[in-house]
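Okay, here's what each chain looks like letter by letter:
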Amino acid sequence: VQLQASGGGLVQAGGSLRLSCAASGRTISAYAMGWFRQAPGKERAFVAALSSSGSRTAYTDSVKGRFTISRDNTKNTVYLEMNSLKPEDTAVYYCAASTRYSGTYYVADGSYAYWGQGTLVTVSS
């Protein structure tokens, strides 16, 4: 599975962006998916995840109420809608696919087998 993340860019605080993660090579409808981010000088961290059907989701506390993860299995794509962006959201965002049991979500990056290349989100104050 190849994952291509896109949609990053420069936005002012309070603005919005929608990230997309398009998969190729294999359908991701059977995979739990996740988004992670890595800020400058920090380790990669969990942002959001969802089960293969999208019925189960999880978010890190700092983005709850602002970010929404979703998927369109007909388009083989996962999204991360980001609203009310803050400067501390600045990071490279990565999408990932897990080959573990698909009926739930995973917050640990070790649970993911496939990773996209990342897309940079910069939020100015």
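Let me begin by describing the structure that accompanies this report. (Residues numbered from 1 in each chain as written. Predicted model: local features only at pLDDT ≥ 70, side-chain atom pairs only at ≥ 80, totals over all residues. Heavy atoms only, no water.)

What follows is about the nonpolar core. Judged by nonpolar contacts, the single largest core of 29 residues is most densely connected at Met-33, Trp-35, Leu-80, Met-82 and Tyr-93. Those elements giving two or more residues to this core turn out to be β1 (2-6), β3 (17-24), β4 (32-38), β5 (45-50), β7 (67-72), β8 (77-82), β9 (91-98) and β11 (119-124). Contacts of Met-82, omitting those with residues within four sequence positions, involve Gly-15, Ser-16, Leu-17, Leu-19, Arg-66, Phe-67, Tyr-93 and Val-121. Listed in part, the eight residues of the second largest apolar core include Phe-36, Phe-46, Ala-49 and Ala-96. (Core = buried A, V, L, I, M, F, W, Y, C linked by side-chain atoms within 4.5 Å. Buried < 20%, exposed > 50% of the residue type's maximum accessible area, 1.4 Å probe, protein only. Helix = DSSP H or I, 4+ residues; strand = E, 2+ residues; numbered from the N terminus. Contact = heavy atoms within 4.5 Å.)

On to the packing of aromatic side chains, then. The final tally for this structure, using the stated rule, is five aromatic pairs. A ring pair is formed by Phe-36 and Tyr-112, whose centres lie 5.3 Å apart and whose planes are at 80°; its orientation type is edge-to-face. One end of the pair, Phe-36, is in strand β4; the other, Tyr-112, is in the loop between β9 and β10 (114-115), with 76 residues separating them in the sequence. In this pair, the class of Phe-36 matches that of Tyr-112, namely buried. Through a chain of ring-to-ring contacts, three or more aromatic side chains come together here, namely Phe-36, Phe-46, Tyr-112 and Trp-115. Over the ring of Trp-115 we find Arg-44, and its NZ or CZ is 3.8 Å from the ring centre. (Phe/Tyr/Trp six-rings, centres within 6.5 Å; stacked < 30°, edge-to-face > 60°. Lys NZ or Arg CZ within 6 Å of the ring centre and 35° of its normal.)

Let us now look at the sheet that holds β1. Spatially, the four strands line up as an open sheet ordered β1-β3-β8-β7, and their pairing is antiparallel. Only two strands of the sheet have a single partner each, and these edge strands are β1 and β7. Adjacent strand axes in the sheet meet at a mean angle of 15° when their direction is disregarded. Relative to β3, β1 runs antiparallel, the two sharing five bridges. Along β3, the bridge assignment pairs Gln-4 with Ala-22. (Pairing = 2+ DSSP bridges. Axes fitted to C-alpha atoms, helices over the stretch in contact; angles between N-to-C directions.)

Next up on the list: the state of the cysteines. Per the stated rule, a full pass over the model turns up one disulfide. Residue pairing for Cys-21: its cysteine sulfur links by disulfide to Cys-95, the two sulfurs lying 2.1 Å apart. Classification of the bridge connecting Cys-21 and Cys-95 rests on its S-S torsion, roughly 65°, and on that basis the disulfide is right-handed. Placement of Cys-21 in strand β3 and of Cys-95 in strand β9 is noted, with a sequence separation of 74 residues between them. Per residue, the accessibility class of Cys-21 equals that of Cys-95, and both read buried. (Disulfide = S-S within 2.5 Å.)

Everything listed is a geometric property; what it means functionally is a separate question.
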